[in-house]
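# What the coordinates show
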Amino acid sequence: MEEKKSRIVVFGGTGYIGKYIVKASISLGHPTLVYTRTLNSQTLPSKTQLCDEFISMGVILVQGELDDEQIVDVIKQVDIVICALPYPQVLEQLKIIDAIKVAGNIKRFIPSGFGAVEDKIKPLPPFQAVLDKKMKIRREIEAAGIPYTSVSANCCAAYFVNYLLRPYENMKDLVVYGNGENQAVLNYEEDVAMYTVKAANDPRTCNRVVVYRPSKNIISQNELISLWEQKTGQTFQKKFISKEEIVELSQTLPLPHNIPVSILHSVFVRGDLVNFELGENDLEASQLYPDYNYKSIDQLLELFLVDPPPPASAAFG
C-alpha cells in the first residue's frame, strides 16, 4: 500500500524561492496549498499568471493576510508548513508560529531563512541583524515545542550566476568581490526546493539543521569566471572591489541597501559558507539523499549557454 503523502502549505509560495518549493511539492506528489495575499487589480500580472499556473497544477490557492483568523483553519488542513517569506518579513513568521500553536496538529515547520547557518558565522552588522531575526524565530519555534527543520541552502545558483557573470548583458568586465579566491556554495533553485520538501518529510531531520553543501557546487568567483570563459570562449577583465571598500559600503549605505553588500562580504570576501567543517552529526543534503541528482555548477552554466534564465529580481539572503 502506497504511503499517504503529507499535505503541505507554503507561505511566500509566489516569491523567488517559494515558487520552486511549490512546484517541487506538487512534483513529489504532495497535496499542496499556497497562502498568498489577496489578488486584486494592483497585483503584478506575473504573480497572477503564476497563481493561474499553480491552480492548473492542482495547487489549492488560499488568499488572505497573515493577520486573518482563517490562517489557523488553513494550517489545520495540512501536516507540514513551509515558509519562504523574504527577509524583510522574517518576523512576520511569529504570526505563523502563533497559528501553528493554536492549530496543534503540525508535524513539521520549515521556517524561512534559506541562506547561511545563523549560529556558524559572524558577519558585518547589517547582515548580522538579519541573522539575529532568523535566530529569534528559531528560538520561538523551540520554545513552543513545534517540530521543525531549519535549512541552510546557502546561495541560489541561478540568481548568483546572473549577478556575478551577467550572461545576458554581454559584459566584458566582471566585478569580483575581495580577491576572488574564497569559495561559496551555489545551489540550483530547483534543487534547493527539492531538498527542502524531502527534508520536511524526513524523520532524520526533525529538530535539526540541514546544510545544502554538495561537493560539485563549492566554487570561488575566480573559478566560476574561469569555467564561464572555457564554455563561452571569451576572456573577461576582472574589476576587483576590495574588502575595505565593501566594509565601508556596509557602513555608509542606508538600510536596506547595506544588507546585500554585507552578504557579499560574508559569502565571497570571508568565505563564511565553507569556513566551518561539517561534523559526523551534521546533516548535509546531498549525503542524506544520494539518489537525487542535483545540478552541478558546470551543468547550470550549460543551461545559461543554451537559454539564459531571465535576471532574478530576488533579494539576497
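Residues numbered from 1 in each chain as written. Predicted model: local features only at pLDDT ≥ 70, side-chain atom pairs only at ≥ 80, totals over all residues. Heavy atoms only, no water.

Take the overall build of the chain next. A tally of regular secondary structure across the chain gives twelve helices and 13 strands. Scaling as 2.2 N^0.38, a compact globule of 317 residues should have a C-alpha radius of gyration of about 20 Å, and the chain matches this with 20 Å. Over its C-alpha atoms, taken along the principal directions, the chain stretches across nearly 55 × 45 × 40 Å. In the chain, which comprises 317 residues, the proportion classed as buried is 52%. Of all intrachain contacts in the chain linking residues separated by at least 6 positions in sequence, the fraction that spans at least 24 positions is 83%. Distance from the positive charge centre (32 side chains) to the negative charge centre (38 side chains) of the chain: 2 Å. (Helix = DSSP H or I, 4+ residues; strand = E, 2+ residues; numbered from the N terminus. Rg over C-alpha atoms; globule rule 2.2 N^0.38 Å. Buried < 20%, exposed > 50% of the residue type's maximum accessible area, 1.4 Å probe, protein only. Contact = heavy atoms within 4.5 Å. Lys, Arg positive; Asp, Glu negative; His and termini not counted. Charge placed at Lys NZ, Arg CZ, Asp CG, Glu CD.)

In the UniProt entry, the feature "domain: NmrA-like" (unreviewed entry) is given for residues 4–298. Segment residues 4–298 splits into 41% helix and 17% strand. End C-alpha atoms: 37 Å apart. (UniProt positions renumbered as here; feature names shortened; annotations may be inferred.)

Turning our attention to helix H6 (residues 157–165). Owing to its 3.6 residues per turn, the α-helix brings residues three or four apart onto one side. The buried fraction of H6 amounts to eight of the nine residues, a majority that puts the element mostly inside the structure. For H6, the set of buried residues is Ala-157, Ala-158, Tyr-159, Phe-160, Val-161, Asn-162, Leu-164 and Leu-165. One or two residues past the end of H6 sits Arg-166, with phi positive at roughly 45°.

So, about the sheet that holds strand S7 (residues 155–156). Strand order in the open sheet formed by three strands is S7-S9-S11, and the pairing between neighbours is mixed. The strands lining the two open edges of the sheet, one partner per strand, are S7 and strand S11 (218–220). Inspection of the sheet shows S7 paired to strand S9 (residues 183–187) by two bridges, in the parallel sense. Looking at the pairing, Cys-156 lines up with Asn-187 of S9. (Pairing = 2+ DSSP bridges.)

Below, the discussion takes up the pattern of salt bridges. Going through the model one piece at a time under the given rule, you end up with 14 salt bridges. Here Glu-53 makes a salt bridge to Lys-23, at a shortest N to O gap of 3.2 Å. Placement of Glu-53 in helix H2 (residues 45–57) and of Lys-23 in helix H1 (residues 18–27) is noted, with a sequence separation of 30 residues between them. The partner of Asp-67 in a salt bridge is Lys-95, with the nearest N and O atoms 2.8 Å apart. Here Lys-95 lies in helix H4 (residues 93–103) and Asp-67 lies in the loop between strand S3 (60–63) and helix H3 (70–76), a separation of 28 residues in the sequence. (Salt bridge = Lys/Arg side-chain N within 4 Å of Asp/Glu carboxyl O.)

This brings us to the pairing of strand S4 (residues 80–83). Judged by which residues are buried, S4 turns out to be covered on both faces: Ile-80 and Ile-82 on one side and Val-81 and Cys-83 on the other are all buried. Relative to S4, strand S1 (residues 8–11) runs parallel, the two being bridged by four bridges. Within S4, the position partnered with Val-9 by the bridge is Val-81. Sheet topology places S4 next to strand S5 (residues 108–110); three bridges connect them, and they run parallel. By the bridge assignment, Val-81 is partnered in S5 with Phe-109. Taken together, S4, H4 and S5 form a β-α-β motif whose crossover is right-handed. (Right-handed = clockwise from strand over helix to strand, strands pointing away.)

The next point concerns the sheet that holds strand S13 (residues 283–284). Note: strands within a sheet are paired through backbone hydrogen bonds, in either parallel or antiparallel orientation. The parallel open sheet is built from three strands, whose spatial order is S6-S10-S13. With one partner strand each, in any of the chains shown, strand S6 (149–152) and S13 form the two edges of the open sheet. Direction of pairing for strand S10 (residues 208–211) relative to S13: parallel, over a ladder of two bridges. If you follow Val-211 over to S13, its bridge partner there is Glu-284.

The relative placement of two packed helices comes down to the angle between their axes together with the axis-to-axis distance. At their nearest, the axes of helix H5 (residues 125–144) and helix H10 (residues 258–269) sit 7 Å apart, and the two run at 95° to each other. The angle between H5 and H10 falls in the class roughly perpendicular. The residues of H10 that touch H5, namely those facing Pro-126, Phe-127 and Val-130, are Asn-258, Ile-259, Ser-262, Ile-263 and Ser-266. Broken down by class, the residue content of the contact of H5 with H10 amounts to five nonpolar, three polar and no charged. (Axes fitted to C-alpha atoms, helices over the stretch in contact; angles between N-to-C directions. Parallel < 35°, antiparallel > 145°, perpendicular 65-115°, else oblique. Nonpolar A, V, L, I, M, F, W, Y, C, P; charged D, E, K, R; others polar.)

The next point concerns the nonpolar core. In terms of nonpolar packing, the biggest core is built from 102 residues, with Phe-11, Val-81 and Ile-96 touching the most fellow members. Contact partners of Val-81, with chain neighbours within four places excluded, come to Val-9, Phe-11, Ile-75, Ile-96, Ile-100, Ile-106, Arg-108, Phe-109 and Ile-110. (Core = buried A, V, L, I, M, F, W, Y, C linked by side-chain atoms within 4.5 Å.)

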